[in-house]
Amino acid sequence: MKPLQHLFGIAQLDPDQIDYLLNMSESFIELSRRPIKKAPTLRGKTVINLFFENSTRTRTSFEIAGKRLSADVINISASTSATKKGETLLDTGQTLAAMQPHVLVIRHSIAGTCEFLAEYLTGTSIVNAGDGAHEHPTQILTDLLTLRGLGGHAGRTMTIVGDISHSRVARSHLIAAKKLGYKVRLVAPKTLLPSQVERYGCEVFYDFDAAIPGSDVLYMLRVQTERLTSNCCFPSIREYHEAYGLNAKRLAKAGNDCLVMHPGPMNRGVEISTDVADGMQSRILDQVEHGVAVRMAVLTALCGGDEA
Ligand code: ASP
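First things first, this report covers the structure right here in the doc. Everything numeric in this text was worked out from a predicted model, so none of it was measured.

**Observations regarding the overall build of the protein chain**
Scanning the protein chain for helices and strands turns up 11 helices and 9 strands. For the protein chain, the C-alpha radius of gyration of 19 Å lies close to 19 Å, the compact-globule estimate for 308 residues. If you line up the protein chain on its principal axes, its C-alpha atoms span 55 × 45 × 35 Å. For the protein chain, the residues scored as buried account for 56% of the 308 residues in total. Long-range pairs, those at least 24 residues apart, make up 75% of the contacts in the protein chain between residues at least 6 apart in sequence. Total accessible area on the protein chain stands at roughly 13,400 Å², and carbon and sulfur atoms take up 52% of it.

**Here we look at the pattern of salt bridges**
Going through the model one piece at a time under the given rule, you end up with 14 salt bridges. Linking Glu 30 and Arg 34 is a salt bridge whose minimum nitrogen-to-oxygen distance equals 3.3 Å. Relative accessible area serves as the criterion here: at 43%, Glu 30 is assigned to the partly exposed category. Among the ionic pairs, Arg 33 bridges to Glu 289, the shortest N-O distance being 2.8 Å. Of the two residues, Arg 33 sits in helix H1 (residues 15-33) while Glu 289 sits in helix H11 (residues 284-302), which places them 256 residues apart along the sequence. According to the relative accessible area criterion, Arg 33 is exposed, its value standing at 57%. Three or more residues are tied together by salt bridges with common partners; here these are Asp 19, Glu 26 and Arg 148.

**So, the site of the ligand**
By nearness alone, every residue bordering the ligand is listed as Arg 107, His 136, Arg 168, Val 169, Arg 222, Gln 224, Pro 263, Gly 264 and Pro 265. The contact in question runs from an oxygen atom of the ligand to an N or O atom on the side chain of Arg 107, over 3.0 Å. Taking Gln 224, its side chain carries an N or O atom lying 2.9 Å from an oxygen atom of the ligand. Burial of the ligand by the protein amounts to 93% of the accessible area it has alone, namely 260 Å². Among the residues making up the shell around the ligand, the classes are represented as 3 nonpolar, 3 polar and 3 charged.

**Details of the side chain of His 173**
Tracing the backbone through its elements, the reader meets His 173 in helix H6 (residues 168-180). Other than its neighbours up to four places away in sequence, His 173 contacts Ile 140, Asp 143, Met 158, Ile 160, Tyr 182, Val 184 and Tyr 219.

**Thoughts on unusual backbone geometry**
Following Gly 264, the chain continues into Pro 265 via a peptide bond in cis, with omega recorded as -5°. Of note, Pro 265 is situated in the loop between strand S9 (259-261) and helix H10 (274-277). Backbone geometry at Ser 70 places phi at a positive 75°, although glycine is not the residue there. Inspection of the secondary structure puts Ser 70 in the loop between helix H2 (57-68) and strand S2 (72-77). Of note in this structure, Gln 196 is not a glycine but carries a positive phi near 55°.

**Considerations on the pairing of strand S6 (residues 183-187)**
Of all the 5 residues making up S6, 4 are buried; the element is thus mostly covered by neighbouring parts of the structure. Of the pairings in the sheet, the one linking strand S5 (residues 157-161) to S6 comprises 5 bridges and is parallel in character. In the sheet register, Val 161 faces S6, and the bridge partner there is Val 187. After leaving S5, the chain enters H6 and then returns to the sheet as S6, a path that is right-handed. Where S6 lies against strand S7 (residues 203-205), 3 bridges are found, and the strand directions are parallel. Across the sheet, Val 187 pairs through a bridge with Phe 205, a residue of S7.

**Quick look at the side chain of Ser 273**
On the secondary structure map, Ser 273 appears in the loop between S9 and H10. When sequence neighbours within four positions are dropped, the list of residues in contact with Ser 273 reads His 241, Leu 246, Asn 247 and Ala 248.

**Notes on the packing of aromatic side chains**
Per the counting criterion, the structure on display carries 3 aromatic pairs. A ring pair is formed by Phe 234 and Tyr 240, whose centres lie 4.7 Å apart and whose planes are at 40°; its orientation type is tilted. Each member of the pair, Phe 234 as well as Tyr 240, is classed as buried. Here a set of aromatic residues connected by ring pairs shows up, and it is made of Phe 234, Tyr 240 and Tyr 244. The ring of Tyr 206 has Lys 190 lying over it, and the distance from NZ or CZ to the ring centre is 5.0 Å.

**With respect to the sheet that holds S6**
Taken in spatial order, the 5 strands of this open sheet run S7-S6-S5-S8-S9, and their pairing is parallel. Each edge of the open sheet is held by one strand with a lone partner, namely S7 and S9. Geometrically, the sheet is characterised by an average inter-axis angle of 20° between neighbouring strands, direction not taken into account.

Criteria and thresholds
- Residues numbered from 1 in each chain as written.
- Predicted model: local features only at pLDDT ≥ 70, side-chain atom pairs only at ≥ 80, totals over all residues.
- Heavy atoms only, no water.
- Helix = DSSP H or I, 4+ residues; strand = E, 2+ residues; numbered from the N terminus.
- Rg over C-alpha atoms; globule rule 2.2 N^0.38 Å.
- Buried < 20%, exposed > 50% of the residue type's maximum accessible area, 1.4 Å probe, protein only.
- Contact = heavy atoms within 4.5 Å.
- Areas by Shrake-Rupley, 256 points an atom, 1.4 Å probe, with all protein chains shown as cover.
- Salt bridge = Lys/Arg side-chain N within 4 Å of Asp/Glu carboxyl O.
- Near = heavy atom within 4 Å.
- Polar contact = N/O pair within 3.5 Å; in protein donor to acceptor, adjacent residues only side chain to side chain.
- Nonpolar A, V, L, I, M, F, W, Y, C, P; charged D, E, K, R; others polar.
- Pairing = 2+ DSSP bridges.
- Right-handed = clockwise from strand over helix to strand, strands pointing away.
- Phe/Tyr/Trp six-rings, centres within 6.5 Å; stacked < 30°, edge-to-face > 60°.
- Lys NZ or Arg CZ within 6 Å of the ring centre and 35° of its normal.
- Axes fitted to C-alpha atoms, helices over the stretch in contact; angles between N-to-C directions.

That's the geometry; what it means functionally is another story.
Next comes the structure, spelled out in structure tokens:
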């Protein structure tokens, strides 16, 4: 496999690299289920999590991933960093890089932040933990790992529903689907679809019910209120839930084998009803478990591979 220096997005990975990361992740699922969840793989390595946007799953799973592999992990959030005192992003990045971490994990609201910093920082690998509406590569690896345990992604149809235009997860899935041969259907009101959506070469539906037959996965997205400029996109939460929410009645139309996924955080009663979120077909907590394994694999690959 081509060695990984940074992980900016799914766009940079070839199918062999994706496979390599998923194979390694599989072995880390097992480690996380042991009574003593510790391996020396990253002993002596330093990982800094620098998060300028809120996060529960991604930040915690990077932290747990590093700690389970014996790395030293430091967490910095925007509210406690010197950017609050007027320091530029570049100065913050250069300051942290001068402390010689092996990996800097970054989440930021601006697309391209990681590539930008990588141009200036030397000796540190950068991982994109979500940049604006651009990419979220470790979430997609997490979802692919979840599908692996259920027979794989090849030939499957994933129907992604909700706020497509602001979703880095949807965008990264569209890129991955092209590389790996699964189908993506997009479902959203026109106001929540990116302009020129046709260029992604996937089927687009405005009517959720029409997209359900033939779907193997219903992948629900949160409405990204932090990226909306106003209440422009739908009349009310109730109407949104009626048209685009996944409830038991809709899921029944999809059949018993159809899986429900969500990258979190969920807004129950908006894009997903509670009975579906907690139901038999939901794989949402599996995604969370797999997120730790994937981040263990990514950190390991960036620190020199599985022999590190
Ligand atoms: N956790 C995902 C992200 O960071 C999805 C979301 O926030 O709704 O993009």
